[in-house]
Amino acid sequence: MNVKLVYFAWVRERIGKGEETVEPPPGVATVDELMTWLAGRGEEYAHAFANRKVIRAAIDRTHVRPETKIGGATEIAFFPPMTGG
Amino acid sequence: MSAMIRLQREDFDAAAETAALTRSRADVGAVVTFTGICRGAEEGRSLAAMTLEHYPGMAEAEIGRHVEEARRRWPLMGVTVIHRYGRLVPGDNIVLVVTASAHRAAAFAAAEFLMDYLKTRAPFWKKEEWADGANWVDAKNADDAAAERWREPRSSDAAG
């Protein structure tokens, strides 16, 4: 299952890119498991996902919790807590 | 009820946007206009610039969801939200929220509700540039607490 990942703010800076398409293995079922899998892909990912508590996620442009299943997602975004307004 | 949500780089004209909500309406008795502005100083340091990154598509959708919630909770006759992105300097406008209603309670409450949610749920991120470096702004606990106070009890809470 191919899924587009998008990154923002310092998550984007640490990973070194704003978006990519990945194919997580079948065992990766939730947002949290996806973060674990991404963290294992290289130092820059480990650095970005070092503190899970400050990473937020959205699936298809809607906020989701870490335990949310990723099956069927077209686009998954990872970013720090928002500072708009 | 007309709702206008815009994301843009360019500056906005708060007075013109406010007038647009009230033009030729005899039923609007209250309009509240909030403007968020880029401050230039923090703890004695001078800000050179602030860059706002955003998640296109999600930002409009998320603001739209909160405008819908505001409409559900208060009797509003018009809402306008404009949020800028890109590089801003001290003194620049960042965000505009305008709410119109028959009476002031709804207009005030809806404007404050929308701002509290914009600060915590709208996908924007600010990077500050100082003379000696740049840093991403941290989300504030105070903003989360402000948004939290608008949460409505779920019916299951009441029953439990």
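Residues numbered from 1 in each chain as written. Chains lettered and ligands numbered in written order. Predicted model: local features only at pLDDT ≥ 70, side-chain atom pairs only at ≥ 80, totals over all residues.

(A) Structural view of the overall build of chain A. Helix and strand content of chain A: three helices and five strands. Ordering the α and β elements of chain A from the N terminus gives β-α-β-α-α-β-β-β. At 12 Å, chain A has a C-alpha radius of gyration in line with the 12 Å of a compact globule built from 85 residues. Projecting the C-alpha coordinates of chain A onto the three principal axes gives extents of approximately 35 × 30 × 20 Å. Counting across all 85 residues of chain A, residues that qualify as buried make up 28%. A fraction of 52% describes how many contacts in chain A between residues 6 or more apart in sequence connect residues 24 or more apart. (Helix = DSSP H or I, 4+ residues; strand = E, 2+ residues; numbered from the N terminus. Rg over C-alpha atoms; globule rule 2.2 N^0.38 Å. Buried ≥ 20, exposed ≤ 12 C-beta atoms within 10 Å, placed from the backbone. Contact = placed C-beta atoms within 7 Å.)

(B) Layout of the overall build of chain B. Helix and strand content of chain B: five helices and nine strands. Element order for chain B, N to C, with α for helix and β for strand: β-α-β-β-β-α-β-β-β-α-β-β-α-α. Relative to its full complement of 160 residues, chain B shows a buried share of 30%. Counted over contacts in chain B with a minimum sequence separation of 6, partners at least 24 positions apart contribute 76%.

(C) Spatial organisation of the packing of helix α3 (residues 104-121) of chain B against helix α4 (residues 141-148) of chain B. Residue and element names in this part refer to chain B. Remark: α3 packs on α4, axes separated minimally by 8 Å, with the N-to-C direction vectors making an angle of 135 degrees. The pairing of α3 with α4 is recorded here as oblique in orientation. In terms of crossing hand, the pair formed by α3 and α4 is left-handed. Of α4, the residues touching α3 (which contributes Asp116, Tyr117, Lys119, Thr120 and Arg121) are Asp143, Asp144, Ala146 and Ala147. (Axes fitted to C-alpha atoms, helices over the stretch in contact; angles between N-to-C directions. Parallel < 35°, antiparallel > 145°, perpendicular 65-115°, else oblique. Left-handed = near helix turned anticlockwise from the far one by under 90°.)

(D) Molecular detail of the nonpolar core. Of all hydrophobic cores here, the largest spans 51 residues; its most connected members are Phe8, Val11, Ala77 and Phe79 of chain A together with Val81, Ala110 and Leu114 of chain B. Examining the composition of this core, we find that eight residues originate from one element, α3 of chain B, more than from any other. Those residues in contact with Ala77 of chain A, other than ones at most four positions away along the chain, are Val6, Phe8, Ala57 and Ala58 of chain A together with Tyr55 of chain B. (Core = buried A, V, L, I, M, F, W, Y, C linked by C-beta atoms within 7 Å.)

(E) Geometry of the interface of chain B and chain A. With 21 residues of chain B at the contact, the number on the chain A side is 14 residues. Of all the elements in the fold, those that place two or more residues in the side of chain B that touches chain A are α2 (58-73), α3 and β8 (124-130) of chain B. With five residues, the single largest contributor to the side of chain B that touches chain A is α3 of chain B. Split into classes, the residues belonging to the side of chain B that touches chain A amount to 13 nonpolar, four polar and four charged. (Nonpolar A, V, L, I, M, F, W, Y, C, P; charged D, E, K, R; others polar.)

(F) Representation of α3 of chain B in the model. Helix length check: α3 of chain B (18 residues) gives 25 Å between terminal C-alpha atoms against 26 Å at 1.5 Å per residue, within 8%. Of the residues making up α3 of chain B, those classed as buried are Ala106, Ala107, Ala110, Ala111, Phe113, Leu114, Asp116, Tyr117, Leu118, Lys119, Thr120 and Arg121 of chain B. (Expected span 1.5 Å × (residues − 1).)

(G) Spotlight on the sheet that holds strand β2 (residues 30-37) of chain B. All names here are of chain B. If you walk across this open sheet you meet the four strands as β1-β5-β7-β2, and the pairing is mixed. The open sheet terminates on both sides in strands that have one partner only, identified here as β1 (2-8) and β2. Taking the axes of each pair of neighbouring strands and ignoring which way they run, one obtains an average angle of 5 degrees across the sheet. Two elements, β1 and strand β5 (residues 76-84), share seven bridges in a ladder whose sense is parallel. Bridge pairing in β5 places Gln8 opposite Arg84. Against the sheet, helix α1 (residues 14-22) makes contact with β2, β5 and β7 (93-101), and its axis sits at roughly 20 degrees relative to β7, the strand it touches most. The strands touched by α2 within the sheet are β1 and β5, with β1 carrying the most contacts at an inclination of about 155 degrees. (Pairing = 2+ DSSP bridges.)

(H) Region of the structure containing unusual backbone geometry. All names here are of chain A. For Ala9, which is not glycine, the phi torsion reads 55 degrees and is therefore positive. Residue Asp60 is not a glycine yet carries a positive backbone phi of 45 degrees. Note on placement: Asp60 falls in the loop between β3 (56-59) and β4 (62-64).

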